[in-house]
Amino acid sequence: PCERTIQARIASIKHELLRRKKLGKRRAHERATPMPGTLKTTAALALVEIDHSPLDIFLVSSATRSLIGRAYVTVVLDTHTRVVLGFHLSLEAPSSLSVALALVHAMTPKEAWLAERGLSNLKWPMYGLIKALRLDDGADFHAKALSSGCRRWGMEPPRFRIKKEE
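Residues numbered from 1 in each chain as written. Predicted model: local features only at pLDDT ≥ 70, side-chain atom pairs only at ≥ 80, totals over all residues. Heavy atoms only, no water.

*Asks:* Help me understand the overall build of the protein in this model?
*Replies:* From N to C terminus, the protein includes six helices and five strands. Over its C-alpha trace the protein gives a radius of gyration of 20 Å, far above what one expects of a compact globule, namely 15 Å for 166 residues. By its C-alpha atoms, the protein is 65 × 50 × 30 Å across when sized along the principal axes. Counting all 166 residues of the protein, 25% fall into the buried class. Across the protein, the fraction of contacts at a sequence separation of at least 24, relative to all contacts at a separation of at least 6, is 51%. In the form shown here, the protein has an accessible surface area of approximately 12,000 Å², with 58% of it arising from carbon and sulfur atoms. Mean positive and mean negative side-chain charge positions of the protein (27 and 16 charges, respectively) differ by 4 Å. (Helix = DSSP H or I, 4+ residues; strand = E, 2+ residues; numbered from the N terminus. Rg over C-alpha atoms; globule rule 2.2 N^0.38 Å. Buried < 20%, exposed > 50% of the residue type's maximum accessible area, 1.4 Å probe, protein only. Contact = heavy atoms within 4.5 Å. Areas by Shrake-Rupley, 256 points an atom, 1.4 Å probe, with all protein chains shown as cover. Lys, Arg positive; Asp, Glu negative; His and termini not counted. Charge placed at Lys NZ, Arg CZ, Asp CG, Glu CD.)

Here it is in structure tokens:
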């Protein structure tokens, strides 16, 4: 087929169908449907959300071009200010270790971290002791070490998001 035929065909497919094919029915629905309710916070660091995401980055060997692994990012986001407090980037699948490393990054000053990467001219002033965590229901968030770490640092026990049944 000619290029115009292909473009017309692509234009005729609804965006929702494309999302379903790419993400699956549940994830496509989550992306397209607003979640009811709001989270109300009174200050920065009062409620922090953590989540993982696989990245569309696959590292390959420069010598053999064989797959080394897929990159994953764990992000710590302040609900009140909507800023990224910290993150952890890894070639390992999400785990309680990636949660712990992302939390450490979120709660510590970033000046030395930025300087190590030659970015000392930039500012990332967001850090501090978190009061409460809001998490999805992943197994890595149910680790005893996370609960005991929260207690040790004076944080509330983790809260878990309630998933809507479809």
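*Asks:* Explain the pattern of salt bridges to me, please; I cannot follow it from the model alone.
*Replies:* Pairs may arise between side chains of opposite charge once their charged atoms sit close together. Within this structure, the stated rule accounts for five salt bridges. E49 is the partner of R82 in a salt bridge, and the nearest nitrogen-oxygen pair spans 3.8 Å. Residue R82 is located in the loop between strand 2 (67–78) and strand 3 (84–90), and its partner E49 is located in strand 1 (residues 48–60); the two are separated by 33 residues in the primary sequence. Assessed through its relative accessible area of 12%, E49 is described here as buried. (Salt bridge = Lys/Arg side-chain N within 4 Å of Asp/Glu carboxyl O.)

*Asks:* Would you mind going over the environment of A106 with me for this structure?
*Replies:* Mapping A106 onto the fold places it in helix 4 (residues 96–107). In the structure, A106 is positioned 22 residues away from V84 in sequence and 8.0 Å away in space, judged by C-alpha atoms. When residues no more than four places from it in sequence are discounted, the contact partners of A106 are V76, L85, G86, M126, Y127 and G128.

*Asks:* Explanation requested: helix 4 in the structure shown.
*Replies:* Residues spaced three or four apart along an α-helix point in a common direction, a consequence of the helix completing one turn every 3.6 residues. With twelve residues, helix 4 extends 17 Å from end C-alpha to end C-alpha; this agrees with the ideal 16 Å at 1.5 Å per step. Residues of helix 4 that are buried: S98, V99, A102, L103, H105 and A106. Around the axis of helix 4, the buried residues are gathered within 160° of arc, so they sit on the same side. (Expected span 1.5 Å × (residues − 1). Arc of directions from axis to C-beta.)

*Asks:* Whenever I open this one, the pairing of strand 2 confuses me. Can you help?
*Replies:* Here is the key point about a regular strand: its side chains alternate between the two faces of the sheet. Across ten bridges, strand 1 lies against strand 2 in antiparallel orientation. Paired with S53 across the two strands is V73, which belongs to strand 2. The turn joining strand 1 and strand 2, which pair antiparallel and follow one another in sequence, is formed by six residues; a positive phi near 60° is taken by R65. Direction of pairing for strand 2 relative to strand 3: antiparallel, over a ladder of six bridges. Within strand 3, the position partnered with V75 by the bridge is F87. Between strand 2 and strand 3, which pair antiparallel and follow one another directly, the connecting turn spans five residues, one of which, R82, has a positive phi of 65°. (Pairing = 2+ DSSP bridges.)

*Asks:* Just to check I follow, could you spell out the environment of L77 for this structure?
*Replies:* With respect to the helices and strands, the residue L77 is situated in strand 2. The spatial distance from the C-alpha of L77 to the C-alpha of H29 is 23 Å, given a sequence separation of 48 residues. L77 has contacts with L47, V48, E49, R82, V83 and V84, leaving out every residue within four places of it along the chain.

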